Amino acid sequence: MSVRIARYAVGAVPAVELGLGGCLLAGVRIPGAVLLGAEALVVAALGFEGVVLWRLWRVGRRAGAGRREAMGAALRTVVPEKVRRLVAHEVRALHSLGLWVLRRRHGVPEGALAVPYTGPQTAMMYGLVFVALVETVMLALLIPWPVVHRVLLVLDVYGVVLVLAFHAACVTRPHVVDADGALRLRYGGLFDLRVPAGAVAGARVERRYPEGGPVRPGADGVLDLVVGGQTTVTVELVSPVAFVRPLGKRGWARTVRFHADDPGAAVAALTRGRRGPSPSQDPPGRA
């Protein structure tokens, strides 16, 4: 029962904070007693969650689990999967922002081919950053209330950082074709699918314009990883592979379509890896 209450509290705390923030942004005057009571409820909910996590951690430790394993099990029990995934996506995006500044890439081993896919969305992402910056400046000039101005400034600056971090995650986490033909498909920090070399039946350059979000599973076993409203490479699989969508839904794909800025290079690497290296042949007349 306490675990169920803690799970409800995890969802209630952000809702209360967003509600209070929305009232402040709208210029609604909140009585001090109401504001104090709401914050007290938030603190109490967080304290209750901490107690439940501590008890679950102790149970895990008594069962023989390590410190990290016990804490991970406790978090999985209390915090809903979608909330955990959203936090993990945000952390990976911010980490990718650091990699982008350092001009490094994530998960591209030596001898593998990195396949960038950000071409169709780069202009749009920078456009969003520009619009967000203009909005920040305009709101700073138009809003007369200091408290609301400070809240909006923090939200706007963090929004710009998140947009840049999302784009940085796509730049620093490209698709990867290993030397043996294994394929790793990614979309920033939101999606990651590994296809073994033996599961690839064939690949071809094929431009399509599917509708929907960036990770779009079809009823016919086709998985589309869309960038800028298009895919350019189609990979047929020998057997279905399992994938996990950004918020945790599972599925199976027999065909995968994704965008590559250089689809010809990606298909050539997949074909070369599937066939293996060509055997060396000695010229006629030599031993």
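Placed above this text is the structure.
Conventions and cut-offs
- Residues numbered from 1 in each chain as written.
- Predicted model: local features only at pLDDT ≥ 70, side-chain atom pairs only at ≥ 80, totals over all residues.
- Heavy atoms only, no water.
- Pairing = 2+ DSSP bridges.
- Helix = DSSP H or I, 4+ residues; strand = E, 2+ residues; numbered from the N terminus.
- Axes fitted to C-alpha atoms, helices over the stretch in contact; angles between N-to-C directions.
- Patch = residues over 30% accessible without salt bridge, like charges linked within 9 Å, V, L, I, M, F, W, Y side chains within 5 Å.
- Areas by Shrake-Rupley, 256 points an atom, 1.4 Å probe, with all protein chains shown as cover.
- Salt bridge = Lys/Arg side-chain N within 4 Å of Asp/Glu carboxyl O.
- Buried < 20%, exposed > 50% of the residue type's maximum accessible area, 1.4 Å probe, protein only.
- Expected span 1.5 Å × (residues − 1).
- Arc of directions from axis to C-beta.
- Contact = heavy atoms within 4.5 Å.

Caption draft 1: Representation of the sheet that holds strand β7 (residues 222-225). An order of β5-β8-β9-β7-β6 is seen for the five strands of this open sheet, with the pairing classed as mixed. Looking along the sheet, the strands with just one partner apiece sit at the ends: β5 (200-208) and β6 (215-217). Between one strand and the next, the sheet's axes are offset by a mean angle of 35 degrees, whatever the strand orientation. Pairing analysis gives eight bridges linking strand β8 (residues 231-244) to strand β9 (residues 250-258), with the strands arranged antiparallel. If you follow Val 241 over to β9, its bridge partner there is Ala 253.

Caption draft 2: The arrangement of a nonpolar patch on the surface in detail. A contiguous nonpolar patch, built from Phe 130, Val 131, Val 134, Val 137, Met 138, Leu 141 and Leu 142 and spanning about 720 Å² of accessible area, is present on the exposed surface. The residue Leu 142 is located in helix α5 (residues 119-142) in this model. With relative accessibility at 62%, the residue Leu 142 sits in the exposed group.

Caption draft 3: Region of interest: the sheet that holds strand β3 (residues 183-187). Reading across from one edge, β1-β2-β3-β4 is the order of the four strands in this open sheet, with antiparallel pairing throughout. Taken across any chain shown, the strands that pair with only one partner, and hence form the sheet edges, are β1 (113-115) and β4 (191-195). Ignoring strand direction, the axes of neighbouring strands in this sheet form an average angle of 15 degrees. Sheet analysis places β1 next to strand β2 (residues 175-177), joined by three bridges and oriented antiparallel. Each bridged residue has a counterpart across the sheet, and for Leu 113 the counterpart in β2 is Val 177.

Caption draft 4: Quick look at helix α4 (residues 81-101). Helix length check: α4, at 21 residues, gives a terminal C-alpha distance of 31 Å against a target of 30 Å (1.5 Å per residue), a fit within 8%. Looking only at α4, the buried set comprises His 89, Ala 93, Ser 96 and Leu 99. Along the axis of α4, the buried residues cluster in a sector spanning 115 degrees; they form a single face. Away from its buried face, by an angle of more than 90 degrees, α4 presents the exposed residues Val 91 and Val 101. Here the buried face of α4 lies against α6 (146-172).

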